[in-house]
Amino acid sequence: MTTETAPSNSPVIVWFRRDLRLADNPALGQALATGRPVLPVYIHDEGRQVRGAGAASLWWLDGSLRALVADLSARGAPLILRRGDSEAELRRLIAETGADAVVLNRLFEPEAWERDATIAHGLKTEGVDCRGFNGSLLARPGSVRTGSGGPYRVFTPFMRALMAVAEPPSPRAAPAVIPGLADLASDDLDSWALRPVRPDWAAGFDWRPGEAGAAAALDAFVATGLSDYSRGRDRPALAATSRLSPHLHFGEISPWRALAAARAAAASGAAPAAEADKFVTELGWRDFSAHLLHQFPAMADRAFRPEYDTMPWRDDPAGLAAWQAGRTGFPIVDAGMRQLWATGWMHNRVRMIVASFLVKDLLIDWRAGESWFRDTLVDADPASNIQNWQWVAGSGADAAPYFRVFNPVTQGEKFDADGRYVRTWVPELRGLPDRWLHAPWTAPPEILRHAGVRLGHDYPRPIVDHAEARLRALAALRTVSQARVDALD
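All residue numbers here refer to positions counted from 1 along the written sequence of the relevant chain. Reporting in this predicted model follows two pLDDT cut-offs: at least 70 for local features of residues, and 80 or more for side-chain atom pairs to be given and counted; totals over whole chains, interfaces and linings ignore these cut-offs and use all residues. Water and hydrogen atoms were dropped before computing side-chain values, which therefore reflect all heavy atoms in the structure.

Participant: Even after reading the chapter, I still don't get the packing of aromatic side chains, so can you show me in this structure?
Facilitator: The description of an aromatic ring pair uses the distance of the two centres, along with the angle that the planes make with each other. Note on ring pairs: Phe, Tyr and Trp rings are taken, using the six-membered ring of Trp, and paired if centres are within 6.5 Å. Classes follow the plane angle, with under 30 degrees stacked, over 60 edge-to-face and the rest tilted. Inspection of the entire model under this criterion finds 24 aromatic pairs. Here the aromatic rings of Phe108 and Trp113 are separated by 5.6 Å at their centres, their planes lie at 25°, and the arrangement is stacked. Here Phe158 and Phe288 contribute two aromatic rings whose centre-to-centre distance is 5.1 Å and whose plane-to-plane angle is 45°, an arrangement assigned as tilted. Remark: Phe288 occurs in helix H10 (residues 273–295) and Phe158 occurs in helix H5 (residues 155–165); sequence separation between them is 130 residues. By the burial criterion, Phe158 is buried, and Phe288 matches it. A network of ring pairs unites the aromatic residues Trp59, Trp60, Trp201, Phe205, Trp207, Phe250, Trp341, Trp345 and Trp372 as a single cluster. Between the NZ or CZ atom of Arg243 and the centre of the ring of Trp207, over which it lies, the distance is 4.0 Å. Secondary structure follows DSSP: runs of H or I at least 4 residues long count as helices, runs of E at least 2 residues long count as strands, and numbering of each begins at the N terminus. When a residue's accessible area, from a 1.4 Å probe over protein chains only, is under 20% of the maximum for its type it is buried; when over 50% it is exposed; and in between it is partly exposed. Geometrically, a charge over a ring is one whose NZ (Lys) or CZ (Arg) sits within 6 Å of the ring centre while staying within 35 degrees of the ring normal.

This is the structure in structure tokens:
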């Protein structure tokens, strides 16, 4: 920002989006460095949302904004809430206050990137200085390149290059005081109606949105989950994952702060270095997804590997509805889908299992799954959601091989051997012994009667035969592989 020629009392607008924190916030830090009044604003732009925020994400946004409102008010700079077109609301705020500078932390999804560039160009032509920063990723997209100068398409070399070029910013504590302006028009957050009412399907959500909640989640993970992260993260019944994904998505914590906390734990001996490295790798996968979507925008709606656009997907509304409701007859799949509906989140291992079931057992287009996750996950990050679904479908960068089809029974037996996860989310099966829990249709009639389970009544029979569905999927996927060979001829 050019501050030498700006009037000393001209305010600076800090346009908050998915950077809902005060600590380690580059845009806020830049505004404070000017010594001028700071105008924090959040604009709820429903008409220009990229891919549309899902209902669960809006629930989280409400909580996160309430936390940010309180944090900013306590420091002297009330958060201005506006609803409408982003550019129009920014211009209105500029006219009301005489602000001649806007700072923001960039959004890297292609449509958001282009929208922001258009807004910045328009304001700059009218004398308003606009500056953008990277506040959400370990490295901005485009900064991690192959030796030939292109983007990486494979994760492992990307991760090595990322760690080689990414420079950690200096930690910045939340400011104690922020010079702001009072008596500016601001919406009442309640009027935005971001939370469900009738029915309140989020009543069971057990989350603490906001910067303080993010810090608490990181502290809890480092203290109890990091030391056995690589093993524990595959056990859905254990509280062994970081649960930082929604906090990272909404920018309530910097990925660099999470990385630093893991490495500090390793350095102090509180966790093995290998476990900290594994967690850092997961942060790197998040960056990989964001870099891919920024550089290959078509993958938002089309297969990253073009030959997969020929995939003969099935139109199966009944199968999709059963999957969404957790009524497929496969306990580990149903447990995951019910956990998602009840909590707005699903364990990472189970996400892979339920995704494989949809795209391979049911042969339903991955875009249907991505859309459902986008609406029901509190951590529905566009890049990660798209990349992970394409990874499972085999159509993405560095994707799982097409012949990998998760068996939902053996996956349940391996990662939920004692049935704690399934029994939590599929209570009608609680009475079944472990031996039969993950494949109740194989249990003898007397075992089912003793457990109080009537298949087809208390719990559904499997909606597909996995062995047959696997063969069907492999046959379909072979046609895709052949189409790739034909394209190369």
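Participant: Looking at this structure, how should I read the layout of surface pockets?
Facilitator: Empty space among the atoms becomes visible once a probe the size of a water molecule is rolled across them. A pocket, in this scheme, is an open set of points on a 1 Å grid over the protein atoms alone with protein on both sides within 12 Å along at least 5 of 7 lines, while a cavity is a set where a 1.4 Å probe fits but cannot get out; residues line either one if an atom lies within 4 Å of a point. Grid points are joined across faces, edges and corners, and a volume is the space filled by probe spheres set on the points. Volume-wise, the largest pocket comes out at about 1100 Å³. Taken together, 36 residues make up the lining of the largest pocket; nearest its centre are Arg233, Glu282, Trp285, Asn348 and Asn388. Looking at the lining of the largest pocket, the elements with two or more residues in it are helix H8 (245–249), H10, helix H13 (348–361) and helix H15 (382–393). Considering each element in turn, the lining of the largest pocket owes the most residues, seven residues, to H10. In terms of lining, the second largest pocket is formed by 27 residues, of which the most central are Glu167, Pro168, Pro169, Ser170 and Trp256. With six residues, the top contributor of residues to the lining of the second largest pocket is helix H9 (residues 255–268). Its residues assigned to classes, the lining of the second largest pocket comprises 13 nonpolar, seven polar and seven charged. Polar here means any residue other than Ala, Val, Leu, Ile, Met, Phe, Trp, Tyr, Cys and Pro, which are nonpolar, and Asp, Glu, Lys and Arg, which are charged; Gly is therefore polar.

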